[in-house]
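The primary structure of each chain is shown beneath.
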Amino acid sequence: MLWYGCDGTGIEPSDELPVLSSPQTSYDDRDDSIYVAVTVTFPENVTALDSIWTEMYLASGDLADSLGTDSLWKQVTLNDDAVSGDILPQDGVYARKFDSPLPKGTGGSLRFEFYAFIAGDTSSTSDILRLVNLRPAIVSVVLTKDTFTRPDSGYVVVDTIYATAVDPDSLEDLRGVTFQIVKPDSTLGVGLEGNTSFPLYDDGSRIDAEASDGIYSGGVTFGFNNPVGTYILKFIARDLSGAVSDTVSRSVVVQ
């Protein structure tokens with residue numbers, strides 16, 4: 001199975017330098033190898049490079065327990081000669097296939113910086129490679145109150161929720177945190193639009209204090225027509241690939 005990176009955005013060099021574009025990075029778990037490539041467009045007065053290479057870095061802190069917080073750096077020379085993983089000779093795509101230096105099964109993200117050196121100056125671009133996707137996790141859920149007296153009328157009791165989520169592939173890989181409400185009769189709570197799943201927010205709006213900090217905020221309202229008893233709130237985090245965290249549950253008592 002191949003895991004593909006996202007195309008990076010090239011940095012525009014001067015007219016005298018080659019342009020690096022369309023970076024490609026992929027991981028093949030069949031032979032635990034990494035493939036990297038970048039397209040080079042030469043200006044009229046340039047026909048060859050002094051050197052071209054990529055540098056590999058950890059992109060999101062701890063990729064896996066096996067790596068801990070140690071830094072990672074690897075430099076790999078590229079070629080356009082149909083050797084060492086390059087597919088076609090002299091097609092302007094400089095590439096290399098090499099053994100992954102990471103423990104097999106490592107998840108997370110890698111950042112690749114591509115450099116072309118000529119006449120003392122450098123062109124560059126970059127790409128992010130997401131390896132085996134790791135599931136997000138909810139590390140804490142805080143409710144401002146967990147016991148309420150049911151109101152005689154209206155919907156005036158609001159419980160504020162703060163759920164902190166993390167993702168080994170970086171916070172940018174989090175899609176969101178949602179929760180469901182299990183009522184005392186074991187049925188699911190239903191929203192005004194017929195939904196049984198309710199979002200929390202990490203966008204700096206509503207009661208959320210800071211956008212994109214991994215702390216998702218929101219609330220739930222209990223009204224006069226809610227039965228008394230214990231309600232179970234079940235929270236999950238989901239990432240961009242659709243992987244979900246373990247469920248974290250909290251109870252709320254309406255009396």
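Check the entry above for the structure.
Residues numbered from 1 in each chain as written. Predicted model: local features only at pLDDT ≥ 70, side-chain atom pairs only at ≥ 80, totals over all residues. Heavy atoms only, no water.

Our next topic: the pattern of salt bridges. Counting across every chain of the model gives five salt bridges. In this structure, the salt-bridge partner of K97 is D31, at a minimum N-O distance of 3.1 Å. One end of the pair, K97, is in strand β6 (residues 93-99); the other, D31, is in the loop between β2 (19-28) and β3 (33-41), and 66 residues separate them in sequence. With relative accessibility at 38%, the residue K97 sits in the partly exposed group. D31 gets classed as partly exposed once you look at its relative accessible area, which sits at 39%. Among the ionic pairs, R111 bridges to E113, the shortest N-O distance being 2.7 Å. (Salt bridge = Lys/Arg side-chain N within 4 Å of Asp/Glu carboxyl O. Helix = DSSP H or I, 4+ residues; strand = E, 2+ residues; numbered from the N terminus. Buried < 20%, exposed > 50% of the residue type's maximum accessible area, 1.4 Å probe, protein only.)

By size, the foremost hydrophobic cluster in this structure holds 24 residues, and its most contacted members are V141, I161, V177, F179, L200, L233 and F235. For this core, the secondary-structure elements that each account for two or more residues are β9 (137-143), β11 (157-166), β12 (174-182), β14 (215-222), β15 (229-239) and β16 (248-254). Not counting the four nearest positions on each side in its chain, I161 is found in contact with V141, V142, L143, F179, L200, Y216, S217, G218, G219, V220, L233 and F235. With 22 residues, the next largest nonpolar core counts Y27, L58, L78 and F112 among its residues. (Core = buried A, V, L, I, M, F, W, Y, C linked by side-chain atoms within 4.5 Å. Contact = heavy atoms within 4.5 Å.)

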